[in-house]
Amino acid sequence: MKRVFESLRSRLIALILVAMLPMLTIAWFIGAQLYHHAVDDAYRETKILVQGISLQQEEHINTARELLFSLSASPLIIERRQEACSVFKDALAKHAIFANVGMTDVEGNAICMGAPKTHEGSFSDRLWFRQIRQGHDEIVVGDYHLGVLIKEPVVIVAKPVKGRHGEHLAYLFVSVDLSWFDRNNLGNKLPKGAEVIFYDHNGVILHSEPEPEIWRGKPIGAAIRRIGAPDPATGVTEAYAMDGISRLFSFAKLESSSASENAFVAVGIPTDTALAQVRRTGGLAVLVVLGVFGGMLLFAWVGTGRLVIAPVRALIYQANAHAAGDLAQRSGVADGTELSELAHALDGMAVKLAAHEHELRLHLHAFNAHAIVSAADTAGNIVYANDKFCEISQYAREEVIGKTHQLINSGFHPPEFFSTLWGTISQGEIWHGNIRNRRKDGSYYWVASTIVPFVDDNGQLERYFSIRTDITRALAIDEALQKSEERFRLLAKNALDVISLHDPDGRYSYVSPSCERVLGYAPADLTGHDGYELVHPDDVERVRGMLHQPALLGEPGECGYVRVRHRNGGYIWVDATAAPTRDEAGNIVSIQVSVRDVTGRKAAEDTLRLHDRAIAASGSGIVIFRRGDLGIEYANAAYSDIVELPEADLPGQRWPALAEAAGSLGAWQFLRDAVISGEEMHAVVEGLSRHGRNVWCDVFVSPVRSEGRAITHFVAAISDVTDQVIMEAVLMRAKEAAEQASQAKSKFLSHVGHELRTPLNSIVGFAQLLESDPYAPLNEEQHERIEHILRSGWELRELIDDVLDLSRIEAGRLELKPEDVNVFDLVRECLEMIAAQATEKGLEVVNLSGECAQQMARVDVKRFKQVMLNLLSNAVKYNREGGRVTVSCHVSDDGVMHMAVSDTGIGIPPEKRDELFQYFSRLGAENSGIPGIGVGLALCRHLVDLMGGNITVESVPGQGSRFEIELPGTCCVPETV
Ligand code: ADP
């Protein structure tokens, strides 16, 4: 039913019906007007009828009044004689309109009356009676009521019968009968079927026509049962009457001026009669309206069907077809109406939708080709997965649908990761992030995910759409890029080269971090500065011409050995290259410059050049030759002179480029063996130059190793020692002769020494015997001569001992016995030994050697004393009379002990110093008479040498000499030599 009213047709019809409501209202209004007319008619008729009745009733009352006047004048009545009663009967018989005529006493009891009494009763409670008793002398008209004694609907007209004095004697009354108004009297004033009901002011029916007997005394409500509300203007009301037939009742009051309480009249005209015209007209009107209604409905039904419903259905069909995906469907609605415009709009929409759908399909195709898409319900179960999802996860769609994404969980992410994810999307918010998933085969892939929650119309979460992109490769590339970038960064930082970008005018726009290491400047210090700022002024033009200008012309440039200022103020040497960089249009937008610090190389090259020049200028021959084939790679001018071959012809020659002399074959072989085994070798060999000259060469061959320590070349330093060799040969021969002479001398000395010693011992021995023979005591002179023999003997023995020591030293047979001793004590002993000689010569002996009192030295005691005695003896011997001998000693910081013996004697001339310490050299003292043979100092030097020390002399002729022995502190002394 609801659907019916929801249909467009029903609504249209309802609309028509609603549109017709005013018509119905008009019809209803016309009907109501007609009805009112009918009611008014009925009322008017009633009014007229009641006015007629009222007039007649008025007449009746007047008649009664006249009757009462005439009766009251009658003596019979006044005297209340018996005959008076007949008067009443007569009067009643004359007036059909009266129900009764009679007389009551003053108490209201009927004295006599014209009508037979049907009921007992008194008039005392009647209105007319009360009024007349209240003193009305004239006629009173009571109310309409049912008669007390005869039960007829009456109104009583009464008049008192007065005595002579005006007192009330009795009361005359006439009952004017209402039932006189029957159908006859009312005549054809009433339509057929009409009813007339009289009722008093209490609503009690007094009289009705028809059937007065039935309804008399009953309440009016029982006779008239209202159907509707009374007409407000007229009071006409529709009601069922006594016979149950519907009537229009009009109500009116009897217009009786004399009655105290007038009765009311209700006139009921059968509704059918009263409203016959109305119904006819109304019926016709209803028929017309219904006809119009029907026609319109029929038209609406058919018309809307064809003009509206069918096109609308076609449009609905089209819309449904579009909704089902068939965008080609058209409604075919004819042009010219709003619906056709709607159809056009729908068609247009379909066209746009189709285009949109086509575009969407393309997008979707592209989207699905790129993205990995799945959808899950709120429980997380997968409800959709695209091909890409299946492809990358290696799961068939059936394996995926209904499962959760746990299926592809790689276990890489901690549970908090997913709880955060679910927390986000379950609140309806979009989640972005990277996830590592696992394929069916267990391998992993990374996806960049976007999860979009969708809500239904009620705002409840409905679906989660996951859109992912495979970023496994991107991540790998990213990682590789990061590593590469890191490597590049390190490279740029640690590179030897400074890489910079310059504007075409030369300003720095980028400088690599290595700049800080190479030039001391941070890249930011240089960016924006002129590239020439740091270039040495002398090199600016070269840089401009070899780097800058070629780059501006689109050519690469190169410029070696440019000086660039370091931050520390000094210049470094660099090699620079430049290349232009272009934009997409081919315009040169910047210049890339690469600068390499070659200061070290420059220095090395300078050194090499110096070395080259030095080698070339060297007086020695220098040859560099290969190890394998001994091919000469370099030979200097000096070698060219040795070989007697032009310098330019030497490279390529086989080492040594000299012919080997027969006498040096072995030495040459040594050199070759050394080259083969890669060792250093020194040899002096004889060769023949290209011109056949004999040349002695001092050759030093040493290997040259590569960085890998392999021997690749040899370098030979060759000196022409021909002259030296010849000289050495001469010297050798001289030396050999001298050695032979020396050996002969040593032999001779040793032999002579021993030979001298034997007779000397005899001389001394016998002299001692002579001196000490108790049996032949010597006189003074003899004693002196013996003493002289002995002293000379001792001196000669010392001399011989010295000569023997000398021969021992030369023969290498002198032995030392080193021990740690306090030299201070030894010095003191020596001083004691020469004290007599010194005193004899009047010399002062000063011992300042106390500084070495604590000094221990490892020396041969006998030989140390021998040295000291020799020096002290000379200091005494070659001193002047009354001079001074000083012994001093100190230990230097390096631990060396310096023992010095100074005198104030004749001194030694400088030109003779070289002869000191030589055997048998007395420096001119031979003729001085001072004893000696010139061996002492020579022995001293040898002995000090043997003790690891040194002896030096300082002397000023005429002032004195100073001899100093340097001995290592507690140094070991070799036991044998
Ligand atoms: P001798 O004293 O036996 O001549 P020496 O070898 O001791 O031999 O000395 C060599 C020479 O050095 C001496 O002959 C002397 O001329 C010179 N000479 C040595 N000591 C002194 C000295 N203290 N003062 C001057 N001349 C000296």
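Data block above holds the structure.
Worth saying up front: this structure is predicted, and the values here are computed from it rather than measured. (Residues numbered from 1 in each chain as written. Predicted model: local features only at pLDDT ≥ 70, side-chain atom pairs only at ≥ 80, totals over all residues. Heavy atoms only, no water.)

K.L.:
Would you explain the packing of aromatic side chains in this entry?
P.N.:
For any two aromatic rings, the description comes down to two numbers: the centre-to-centre distance and the angle of the planes. One pass over the full model with this rule turns up 17 aromatic pairs. Consider the rings of Trp128 and Phe129, whose centres lie 5.7 Å apart with planes at 90°: the pair is edge-to-face. A residue is classified by how much of its surface remains accessible, and Trp128, at 0% relative accessible area, is buried. Judged by relative accessible area, which is 4%, Phe129 ranks as buried. Members of the aromatic cluster, joined through ring pairs, are Phe123, Trp128, Phe129, Tyr171 and Phe173. Over the ring of Tyr444 we find Arg436; its NZ or CZ atom is 3.8 Å from the centre of that ring. (Phe/Tyr/Trp six-rings, centres within 6.5 Å; stacked < 30°, edge-to-face > 60°. Buried < 20%, exposed > 50% of the residue type's maximum accessible area, 1.4 Å probe, protein only. Lys NZ or Arg CZ within 6 Å of the ring centre and 35° of its normal.)

K.L.:
Explain the environment of Leu665 here, please?
P.N.:
Position of Leu665 relative to the elements: it lies in helix α21 (residues 665-677). The sequence separation of Leu665 and Gly687 amounts to 22 residues, and the corresponding C-alpha distance is 9.3 Å. (Helix = DSSP H or I, 4+ residues; strand = E, 2+ residues; numbered from the N terminus.)

K.L.:
What am I meant to see in the pairing of strand β34 (residues 960-968) here?
P.N.:
It is a general feature of regular strands that their side chains alternate between the two faces of the sheet. Where strand β32 (residues 896-903) meets β34, seven bridges bridge the pair, whose relative direction is antiparallel. Residue pairing for β34: Val896 is matched across the bridge by Pro968. As judged from the seven bridges shared by strand β33 (residues 950-956) and β34, these two strands associate in the antiparallel manner. In the strand pairing of β34, Thr952 is matched with Glu964. (Pairing = 2+ DSSP bridges.)

K.L.:
Honestly, the sheet that holds strand β5 (residues 168-177) in this entry has me stumped. Any pointers?
P.N.:
Sheets are built from strands that pair by backbone hydrogen bonding, the pairs being arranged parallel or antiparallel. With respect to topology, five strands assemble into an open sheet ordered β2-β1-β5-β4-β3, the strand pairing being antiparallel. Looking along the sheet, the strands with just one partner apiece sit at the ends: β2 (110-113) and β3 (140-146). With direction set aside, neighbouring strand axes in the sheet form an average angle of 25°. Across nine bridges, strand β4 (residues 153-162) lies against β5 in antiparallel orientation. Note on β5: the bridge partner recorded for Val161 is Ala170. This element, helix α4 (residues 84-94), spans β1 (98-105), β2 and β5 of the sheet and lies at about 160° to β1. (Axes fitted to C-alpha atoms, helices over the stretch in contact; angles between N-to-C directions. Contact = heavy atoms within 4.5 Å.)

K.L.:
For this particular structure, what's the right way to read the side chain of Glu964?
P.N.:
The residue Glu964 is located in strand β34 in this model. There is a polar contact of 2.8 Å between the side chain of Glu964 and the side chain of His898. (Polar contact = N/O pair within 3.5 Å; in protein donor to acceptor, adjacent residues only side chain to side chain.)

K.L.:
Mind showing me how you'd approach the site of the ligand here?
P.N.:
In the vicinity of the ligand, 20 residues are found, and the nearest of them are Lys877, Tyr878, Arg922, Gly932 and Ile933. Measuring from an oxygen atom of the ligand, one finds a side-chain N or O atom of Asn874 at 3.0 Å. Calculation on the ligand without its partners gives an accessible area of 520 Å², and the protein chains cover 96% of this total. Contributing elements (two or more residues each) for the shell around the ligand: α25 (861-877) and α26 (936-946). Considering each element in turn, the shell around the ligand owes the most residues, three residues, to α25. Tallied by class, residues from the shell around the ligand come to nine nonpolar, eight polar and three charged. (Near = heavy atom within 4 Å. Areas by Shrake-Rupley, 256 points an atom, 1.4 Å probe, with all protein chains shown as cover. Nonpolar A, V, L, I, M, F, W, Y, C, P; charged D, E, K, R; others polar.)

K.L.:
Explanation requested: the pattern of salt bridges in the structure shown.
P.N.:
Opposite charge on two side chains makes pairing possible when the charged atoms of those side chains draw close. Counted according to the given criterion, the structure contains 30 salt bridges. We note a salt bridge from Glu195 to Arg247, for which the minimum N-O separation is 3.8 Å. Of this pair, Glu195 sits in strand β6 (residues 195-199) while Arg247 sits in strand β10 (residues 246-253), placing them 52 residues apart in sequence. We note that Glu195, like Arg247, is buried. When the shortest N-O distance is used, the salt bridge between Arg507 and Asp505 registers 4.0 Å. Note on Asp505: relative accessible area 48%, which makes it partly exposed. Look at the salt bridges and you will find they share partners, linking Asp539, Arg542 and Arg563 into a network. (Salt bridge = Lys/Arg side-chain N within 4 Å of Asp/Glu carboxyl O.)

K.L.:
Looking at this structure, I do not really get the state of the cysteines. What am I missing?
P.N.:
Two cysteines form a disulfide when their sulfur atoms are joined by a covalent bond. Evaluation of the coordinates by the stated rule reveals one disulfide. Between the sulfur atoms of Cys852 and its disulfide mate Cys889 the distance is 1.8 Å. Its torsion about the S-S bond being -90°, the disulfide of Cys852 and Cys889 is classed as left-handed. Placement of Cys852 in the loop between β29 (844-848) and β30 (856-860) and of Cys889 in strand β31 (residues 884-891) is noted, with a sequence separation of 37 residues between them. Both residues of the pair, Cys852 and Cys889, count as buried. Unpaired in terms of disulfides, Cys940 finds its nearest cysteine sulfur in Cys830, a separation of 11 Å. Residue classification places Cys940 among the buried residues on the basis of a relative accessible area of 1%. (Disulfide = S-S within 2.5 Å.)

K.L.:
Just checking my understanding: could you explain the sheet that holds strand β23 (residues 632-635) for this structure?
P.N.:
Overall, antiparallel pairing links the six strands, which are arranged β23-β22-β27-β26-β25-β24 in an open sheet. Two strands bound the open sheet, and with one partner strand each, they are β23 and β24 (659-660). Taken together, the six bridges between strand β22 (residues 621-626) and strand β27 (residues 711-720) define a ladder with antiparallel strand orientation. The residue bridging Ile624 from the neighbouring strand is Val715, located in β27. Sitting on the sheet, α21 touches β22, β24, β25 (681-688), β26 (694-705) and β27, and the angle it makes with β25 is about 130°.

K.L.:
Is there a simple way to think about empty space enclosed by the protein in this case?
P.N.:
Which parts of space are left empty comes out when a probe the size of a water molecule is rolled across the atoms. According to the stated counting rule, one finds two cavities of 30 Å³ or more in the structure shown. By volume, the largest cavity is sized at about 360 Å³. In terms of lining, the largest cavity is formed by 24 residues, of which the most central are His502, Gly531, Val535, Val543 and Val593. If you list the elements that add at least two residues to the lining of the largest cavity, you get β17 (497-502), β18 (508-511), α16 (514-519), α18 (540-552), β19 (557-565), β20 (571-582) and β21 (588-597). (1 Å grid on protein atoms, 1.4 Å probe; cavity = no way out; pocket = protein on both sides within 12 Å on 5 of 7 lines; lining within 4 Å. Points joined across faces, edges and corners; volume = space filled by probe spheres on them.)

K.L.:
Got a minute to help me understand the layout of surface pockets in this structure?
P.N.:
Of the pockets and cavities examined, the second largest pocket occupies roughly 380 Å³. Together, 21 residues line the second largest pocket, and His405, Gln406, Phe418, Leu421 and Trp422 are the ones closest to its centre. Sorting the residues of the lining of the second largest pocket by element identifies α14 (415-426), β14 (431-438), β15 (444-455) and β16 (461-470) as the ones contributing at least two each. With four residues, α14 is the largest single contributor of residues to the lining of the second largest pocket.

K.L.:
Could you clarify how one ought to interpret the environment of Leu8 in this entry?
P.N.:
Looking at the element boundaries, Leu8 is found in helix α2 (residues 8-73). Residue Leu8 is classed as partly exposed on the basis of its relative accessible area, which comes to 36%. Expressed as a C-alpha distance, the spacing of Leu8 and Phe129, which sit 121 residues apart in the sequence, is 80 Å. Residues contacting Leu8, with those up to four places away along its chain left out, are Val308, Ile309 and Val312.

K.L.:
How should the pairing of β4 be read in this particular structure?
P.N.:
Most of β4 sits out of view: nine of its 10 residues are buried. Here five bridges tie β3 to β4, and the two strands are oriented antiparallel to one another. When the sheet's bridge partners are listed, Leu146 is paired in β4 with Pro153. Hairpin connection of β3 to β4: six residues between the antiparallel strands, including Lys151 at a positive phi of 50°. Once β4 ends, the chain turns through five residues before running back antiparallel as β5, passing Gly166 with a positive phi of about 85°.

K.L.:
Explain the nonpolar core here, please?
P.N.:
If you look at the biggest cluster of nonpolar residues, it comprises 68 residues, and the most contacted ones within it are Phe98, Trp128, Phe198 and Leu254. With 49 residues, the next largest nonpolar core counts Leu831, Ala838, Leu872 and Val935 among its residues. (Core = buried A, V, L, I, M, F, W, Y, C linked by side-chain atoms within 4.5 Å.)

K.L.:
What exactly am I supposed to notice about helix α11 (residues 338-370) here?
P.N.:
With 33 residues, α11 extends 46 Å between its outermost C-alpha atoms, agreeing within 8% with the 48 Å of an ideal straight helix rising 1.5 Å per residue. Taken together, the buried positions of α11 are occupied by Leu339, Ser340, Ala343, Leu346, Asp347 and Ala350. The secondary structure elements touched by the buried residues of α11 are α10 (276-323). (Expected span 1.5 Å × (residues − 1).)

K.L.:
Sorry if this is basic, but what is going on with the side chain of Arg863 here?
P.N.:
For Arg863, the location among the structural elements is in helix α25. Of the polar contacts made by the side chain of Arg863, one reaches the side chain of Asp805; its length is 3.0 Å. In this view, Arg863 contacts Asp805, Leu814, Leu816, Leu943 and Met947; residues no more than four positions away in its chain are not counted.

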